[in-house]
Amino acid sequence: MSSNKQSVPGGSEGARRATSEAPGTGRRGKGRWSAKRKMAVVLELLRGEDLESLSRKYAVTAATLSDWRDAFLASGEAGLKIREDDLVDEQGRRMKSVIAELAMTVELQRERIQQLENANPSLKWRSKR
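All figures in this text were calculated on a predicted structure; none of them were measured in a lab.

(A) Region of the structure containing helix 1 (residues 35-46). Counted at 1.5 Å a residue, the expected span for helix 1 with its 12 residues is 16 Å, and the 16 Å between its end C-alpha atoms agrees. Burial in helix 1 covers these residues: Arg37, Val41, Val42, Glu44 and Leu45. For helix 1, the arc enclosing every buried residue in end-on projection is 155 degrees, short of the 170-degree limit, so these residues lie on one face. Along helix 1, the residues that are exposed and aim more than 90 degrees away from the buried face are Ala35 and Lys36. At the exit of helix 1 stands Gly48, carrying a positive phi of roughly 115 degrees.

(B) Main features of a nonpolar patch on the surface. Nonpolar side chains collect at one region of the surface, where Met39, Leu46, Phe72 and Leu73 lie side by side and expose about 320 Å² of accessible area between them. If you trace the backbone, Met39 turns up in helix 1. Judged by relative accessible area, Met39 falls into the partly exposed class, the value being 37%.

About the cut-offs
Residues numbered from 1 in each chain as written. Predicted model: local features only at pLDDT ≥ 70, side-chain atom pairs only at ≥ 80, totals over all residues. Heavy atoms only, no water. Helix = DSSP H or I, 4+ residues; strand = E, 2+ residues; numbered from the N terminus. Expected span 1.5 Å × (residues − 1). Buried < 20%, exposed > 50% of the residue type's maximum accessible area, 1.4 Å probe, protein only. Arc of directions from axis to C-beta. Patch = residues over 30% accessible without salt bridge, like charges linked within 9 Å, V, L, I, M, F, W, Y side chains within 5 Å. Areas by Shrake-Rupley, 256 points an atom, 1.4 Å probe, with all protein chains shown as cover. Salt bridge = Lys/Arg side-chain N within 4 Å of Asp/Glu carboxyl O.

Everything listed here is a matter of coordinates, which is why it stays silent on function.
What follows is the structure, given as structure tokens:
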């Protein structure tokens, strides 16, 4: 069997060449995309760039760009929800702390009343324990 591969002089197959393209677009959509690169493209999309032109520019399907955008927005929404949940949890912790402090105060006051009643038996009739 013979191979139809042609050798390109001046570099290996995976080497990047300097082009007039925008920085970070040298691979033209081939291979794996880092989260950072995806985010940069999605931000372009969210800033108003046309979906079709970005699709052509980065050689990625419009559906893929839409999926990236949807995932990006869903993650942002989830991040905001976590913060809201944390806020509610923090308020709950503070309220529980206040309630515990008030319960402790009431218990200490009841003990103090008991001590006063024991020291002066004439005060017992006023206590409503």
